[in-house]
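Given next are the chains, with one letter for each unit.
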Amino acid sequence: MSNAKKKRYANKMKNQPSNVKFPSNDQADRSVQLYNRGGGEHFRSQGTDFPTGFHDHKALETPRYITATRFAEARAAEISVMLKTVSRKASNTQIFQSLPKHMRRRAMGHDVKRLPRRLREMAKKEMDKMMTQKKEQPKSKCRKARRRHGNLLQEFNRRQLKNIWLETHIWHAKRFHMVKKWGYCLGDRPTTKSYRACFRAMTSHCLLQDLSYYCCLELVGKEEELLKSLAQLCSSETGPTFAATQYLSGKREGSLVLYKNNQYPQEVIGPVTFIWKPKDVPASSQNRQLWIWTHPAQKQDVLGELQAVCDCSKNAETTDGVGKKRKRVDKEGKIAVPLKKILGDGTRDPLKTYSWESASTGITVSDLTMDIVRYRLIGPLSQSVLAEALKAADLHKEMQASEADPHAWWTEYCKDSDNVSLHNRQATAFQLLHAVRSPAEIPSGTVIGLTTGDPRLNLPAKRSKAVPDLNVQDQEKVRQMTIEGVPVECAKTLMWNQAVRNSVTENKIPEQKINRLRRELLVPGSRLELGPSESKVPVLLIQQPGKVTGEELRGWGAGWDICLPKGWGMAFWISFIYRGARIGGLKEALHHSLCKGTPYIPNDFPDCPAGVQAAKELEAILLEKYKRRPPAKRTNYVKHGSVAPFLCPWKQLTHDWEARNKAETRANMAVTMGSKSCEDEMPVSASRTLLPEDSACVEMETIQDSASSQAEDTDQQSISFCVVRCRRTIKQLSHWCRPSLRKGQKVHHSIKQEMTSEDIAPLISLYPRSLVWIRLSLLKKGTPEMHAMVCIPLPEDLVQLSRDKVYSGPQEPKHRDIFRHKVIKFKKMKKKLKNSIRTETGSASSLEAACGTVEAASGSTEDNLKSEDIDGYEDLTLGLWPDSLPDVSSHCSRVVFGFVTRGDFSLAVGCGEAVGFVSLTGLLHMLATQPADRKGLVLVRNPGSIQYRFAQIVIDV
């Protein structure tokens, strides 16, 4: 104790009673030091406070006894923390790394004697432990060894066993952002800024896409049996079917929407395209061949339904070679990765067959997934790219002298004079494409077959731009082809022959040999002539129509599809790139369909299983992205009045509008009968909706009423909604959505010009829960986003728009977040639970006691949570509605009757455009109340905005 403290202590003791015995100076010094070092806790644990004991020297004496239980409980937490700290290493460093840097030596890592003596024992134990745990692991190869062709090929084949790679995968992986979708590794978007460049390519040049992930299903059988089976999966009301004359001849490619067996208009499977093989002879007993192309997301549904209607229950018989295949096994007994490059689907089992034959109908269904490579060229210069990249194959006039002719199929084909004549006509028709300005001038779905030479032999020295050749002398044939298309016989091709496709794939000349022959040319850079040994490749060209609906941008986005045998993908891919084609991915395909105003597979098919699954996956992605941001930095969709910002609730939307229509019908009947008892059942009309400033109890009552109504209508909820695809109904709706007729505008005699109540009732009874595909075009500024709401404008909104030319639209009043206090309350309870667990765990006598205390504390807290009636609130997210949504149609100040599936600023039109669906009942309700000059005028509001924008509904036919 310092002198100053001693003086203050002596002055203080003068005022004490004389009968008190004071401790000596040494004892006082030790007491003060003990208290300063934390000894006060010791005195308080013994039930004695320091100031009192300090004046009484008896308190400083050693206690006669202590309570073991209290003492152990007070020290248990400290002892457990100390044991954990001692037994656990502070870092992952070695013993010699704990030394200062100037004392470290390189040999300390393997020689214990290089360490100081105090650390040798610990280092030896550590080294022995590492030796016992060390396993024999192969040394990783260096980069030079990994980049060798054999090792690289083995690694690529191993990575293809889980997700399928396209033949252009390596090319895309170096230049694109890759995504894993539908079991494939696909290029999503380029790594460079190319949004506008890709649009310019689709508009003025050529955009190339790899569609090899589309699945091809082959049906072989008699024509009558095929048409009889396939007629159960489609309806003539939606358009031409498999039996249409232009498609049945094999001259055109068709497209339709498949339904389950006789379930139209419910139970949608998805859209498909199909091609019939042209007839070789007019014999009626000849088997026909049909290719059906479908998206991989709906392949299993389509394949299963085809097997059901064709009665294909057993696998077709395999060849001798396929039945004897065995998987190679390495030394460890694992499946060995083949050293040969994988062509096609690497995930398939070689012992399993992918053909199914019917004993009753004689139809064989085969899965040709990844057996055919398919590319799509979009733009006016796409056929110019094809004309320059592809050259018709040379004819073999006499038999080859070699023993094993790799092109025996072509030699045999050229022996027939009819085949030679057909090949010449096909080559002539293909060359005429070079004189056509745009693919949109060719009839829709035109099919051209051709046998070409090796595209690697006529590559230009550097990348160039293909342009149409408009100086063709035979302009009359060009004009005839643009009107009538190509003859039926020009659609024949050897691509339909499985044996020919396999021969072309197996006998492809390797790149190494091509490069070696080029190096041996006398004139460097000249064309390599291989003569009869040049590879011959059969191809199939299919014209893809652009925008065929609507009045503006007719023919935009037209192009060509080319089908090749597998193994030749990169050869044609590089040839197209050298002719000026720009490459696009999935994002460019999405933009292409948006500009055309056509549904995108599978996102724009909400009534099929693939569309439902895609919507769920998208909702999970958007929700996870939303939760990553803190609550203060993300949009509160409850306050914005957005019920479902990440998912379009189609089922509830159609159900709400059906309930509104029934209530309105009952009210009208009651008024007609003179009864006023049903006035309370009058639905909320477009001019009177639930205001957002209503009290929280009213909103909670609305949620409870909707939940009770959903529980009562369980049977009705099981009825799924559908999308109206009847062409006659769509034409009628398209006419009603247009404003008053312009001068010179003609209307078909089958379309009713004015809509009456007699026309509405049959449509609603025929399609009670139905959606209509629409296209929206904003009148003024604004860009619609995904999941935006399509609402019915009030009469005041239309009056304000006619008065003020710069009026952009009304605004949604701010809503009150009725779930905020519940989320905050639940967070507080969670925090209280954690604190209670931490407190009770710290006073446990051992680890087992601590675990028991935690369980007891968590159990008691859970009981408290349940007792306070907040069970289930853990699913609440601040800013989002729970799963039980309120009335979707009348939640906002404007009645909602549809949602946007995709929207963006259209570079083709110069304004915001969107596509989506609206309720048929809501659409008819809106059109019945709108004036003639304002027909089809709606309001669009993004989920994260309160601003409504005026837009015009367009139903393209």
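Residues numbered from 1 in each chain as written. Predicted model: local features only at pLDDT ≥ 70, side-chain atom pairs only at ≥ 80, totals over all residues. Heavy atoms only, no water.

Attention now goes to the overall build of the chain. Across its full length, the chain holds 32 helices and 23 strands. The buried share among the 957 residues of the chain stands at 44%. Summed over all atoms, the accessible surface of the chain reaches about 52,900 Å², with 52% contributed by carbon and sulfur. (Helix = DSSP H or I, 4+ residues; strand = E, 2+ residues; numbered from the N terminus. Buried < 20%, exposed > 50% of the residue type's maximum accessible area, 1.4 Å probe, protein only. Areas by Shrake-Rupley, 256 points an atom, 1.4 Å probe, with all protein chains shown as cover.)

When two helices pack together, their arrangement is given by the angle between the helix axes and the distance between those axes. Viewed as axis vectors pointing N to C, helix 9 (residues 195-204) and helix 21 (residues 586-596) meet at an angle of 55°, and their least axial separation amounts to 11 Å. In terms of orientation, helix 9 lies oblique with respect to helix 21. The element helix 9 and its partner helix 21 pack so that their crossing is right-handed. Between helix 9 and helix 21, the residues in contact are Tyr195, Cys198, Phe199 and Met202 and Glu588, His591, His592 and Cys595, respectively. (Axes fitted to C-alpha atoms, helices over the stretch in contact; angles between N-to-C directions. Parallel < 35°, antiparallel > 145°, perpendicular 65-115°, else oblique. Left-handed = near helix turned anticlockwise from the far one by under 90°. Contact = heavy atoms within 4.5 Å.)

Quick look at the pairing of strand 13 (residues 447-452) now. For strand 13, the tally of buried residues reaches six of six residues, placing the bulk of the element in the interior. Where burial is concerned, the two faces of strand 13 agree: the one with Val447, Gly449 and Thr451 and the one with Ile448, Leu450 and Thr452 are both buried. Of the pairings in the sheet, the one linking strand 13 to strand 14 (residues 537-544) comprises six bridges and is antiparallel in character. By the bridge assignment for strand 14, Gly449 is matched with Leu540. (Pairing = 2+ DSSP bridges.)

Glancing now at empty space enclosed by the protein. The tally for this structure, following the rule as stated, stands at seven cavities of 30 Å³ or more. Roughly 140 Å³ of volume is contained in the largest cavity. Looking at the largest cavity, it is lined by 16 residues, and the ones nearest its centre are Leu166, His172, Gly187, Asp210 and Tyr213. At the level of secondary structure, the elements contributing two or more residues to the lining of the largest cavity comprise helix 8 (169-173), strand 3 (184-190), strand 4 (207-210) and helix 21. (1 Å grid on protein atoms, 1.4 Å probe; cavity = no way out; pocket = protein on both sides within 12 Å on 5 of 7 lines; lining within 4 Å. Points joined across faces, edges and corners; volume = space filled by probe spheres on them.)

The contact between helix 28 (residues 757-766) and helix 32 (residues 920-929) brings their axes to 10 Å, and the two run at 170°. By the angle between their directions, the pair helix 28 and helix 32 is classed as roughly antiparallel. Seen from helix 28, the contacting residues are Ile760, Leu763 and Ile764; seen from helix 32, they are Leu920, Thr921, Leu924 and Ala928. Residues that form the contact of helix 28 with helix 32 fall into these classes: six nonpolar, one polar and no charged. (Nonpolar A, V, L, I, M, F, W, Y, C, P; charged D, E, K, R; others polar.)

Taken together, the side chains of Arg143, Arg146, Arg147, Lys174 and Arg175 present a region of like positive charge at the surface. Within the fold, Arg146 resides in helix 6 (residues 143-146). The class of Arg146 is partly exposed, set by a relative accessible area of 44%. (Patch = residues over 30% accessible without salt bridge, like charges linked within 9 Å, V, L, I, M, F, W, Y side chains within 5 Å. Salt bridge = Lys/Arg side-chain N within 4 Å of Asp/Glu carboxyl O. Lys, Arg positive; Asp, Glu negative; His and termini not counted. Charge placed at Lys NZ, Arg CZ, Asp CG, Glu CD.)

Moving on, we get to the pattern of salt bridges. Within this structure, the stated rule accounts for 26 salt bridges. Close ionic contact of Arg725 with Asp607 constitutes a salt bridge, the shortest N to O distance being 3.0 Å. Of this pair, Arg725 sits in the loop between strand 17 (722-723) and helix 27 (727-736) while Asp607 sits in the loop between helix 21 and helix 22 (609-628); the two residues are 118 residues apart in sequence, bridging distant segments of the chain. For the pair formed by Arg725 and Asp607, the shared burial category is buried. Of the charged contacts in the structure, one is a salt bridge between Arg628 and Glu624, with a shortest N-O distance of 2.6 Å. Highlighted residues: Arg628 and Glu624, both in helix 22, separated by four residues, approximately one helical turn. Residues participating in the shared-partner salt-bridge network are Glu253, Arg374, Arg376 and Asp561.

Overall, mixed pairing links the six strands, which are arranged 13-14-15-12-4-16 in an open sheet. Edge strands, defined here as strands with exactly one partner in the open sheet, are strand 13 and strand 16 (582-583). For strand 4 and strand 16, the ladder comprises two bridges, and the chain directions are parallel. Within strand 16, the residue paired with Leu207 across the bridge is Arg582. Strands in contact with helix 20 (residues 569-577) are strand 4, strand 12 (372-378), strand 13, strand 14, strand 15 (559-565) and strand 16; relative to strand 12, the strand with the most contacts, it is inclined by about 15°.

Before going further, it helps to spend a moment on the packing of aromatic side chains. Under the definition given, this model contains 24 aromatic pairs. Relative to Phe572, the ring of Trp568 lies with its centre 6.4 Å away and its plane at 70°, an arrangement referred to as edge-to-face. Taking the relative accessible area as the measure of exposure, Trp568 reaches 0% and is therefore buried. Overall, the relative accessible area of 0% leaves Phe572 in the buried class. Ring pairing ties together the aromatic residues Trp171, Phe176, Tyr375 and Trp573, which thus form one cluster. Over the ring of Trp293 we find Arg374, and its NZ or CZ is 4.7 Å from the ring centre. (Phe/Tyr/Trp six-rings, centres within 6.5 Å; stacked < 30°, edge-to-face > 60°. Lys NZ or Arg CZ within 6 Å of the ring centre and 35° of its normal.)

With that out of the way, let us pick up the environment of Glu441. Structurally, the position occupied by Glu441 is in the loop between helix 16 (417-432) and strand 13. Overall, the relative accessible area of 36% leaves Glu441 in the partly exposed class. Remark: the alpha-carbon pair of Glu441 and Gly555, spanning 114 residues in sequence, is separated by 8.1 Å. Glu441 has contacts with Val436 and Thr482, leaving out every residue within four places of it along the chain.

Moving on, we come to the sheet that holds strand 2 (residues 176-181). As summarised here, the arrangement of the three strands in space is 1-3-2, forming an open sheet in which the pairing is mixed. Two strands bound the open sheet, and with one partner strand each, they are strand 1 (164-165) and strand 2. One ladder, built from six bridges, connects strand 2 with strand 3; its direction is antiparallel. By the bridge assignment for strand 3, Lys180 is matched with Cys185.

Note the cis peptide between Tyr264 and Pro265, where omega equals 5°. You can see Pro265 is positioned in the loop between strand 6 (254-259) and strand 7 (268-276). Residue Pro602 is reached from Ile601 by a cis peptide bond, and omega for that bond is -5°. Mapped onto the fold, Pro602 is located in the loop between helix 21 and helix 22. Here Asp311, not a glycine, exhibits a phi torsion of approximately 60°, which is positive. By the element assignment, Asp311 lies in the loop between helix 12 (299-309) and strand 9 (314-315). The exposure class assigned to Asp311 is partly exposed, which follows from its relative accessible area of 41%.

A few words now on the environment of Asp883. Locating Asp883 in the fold gives a position in the loop between helix 31 (847-867) and strand 20 (896-906). The exposure class of Asp883 is exposed, given its relative accessible area of 77%. Sequence separation between Asp883 and Ala644 is 239 residues, and the spatial gap between their C-alpha atoms is 9.4 Å.

Glancing now at the side chain of Thr729. Turning to its location among the elements, Thr729 is positioned in helix 27. For Thr729, a relative accessible area of 12% translates into the label buried. Dropping the residues within four chain positions of it, Thr729 is found in contact with Val724, Leu763 and Tyr767.

Together, Ile79, Met82 and Leu83 give the surface a local cluster of nonpolar side chains, amounting to about 290 Å² of exposed area. For Ile79, the position within the fold is in helix 4 (residues 68-87). Among the residues examined, Ile79 registers a relative accessible area of 43% and is labelled partly exposed.

Turning next to the pairing of strand 3. Buried residues dominate strand 3, accounting for six of its seven residues. When strand 1 meets strand 3, the two strands line up parallel, connected through two bridges. Looking at strand 3, one finds that Trp165 is bridged to Cys185. Counting the residues between successive antiparallel strands, the hairpin from strand 2 to strand 3 contains two residues, one of them, Trp182, with a positive phi of roughly 55°.

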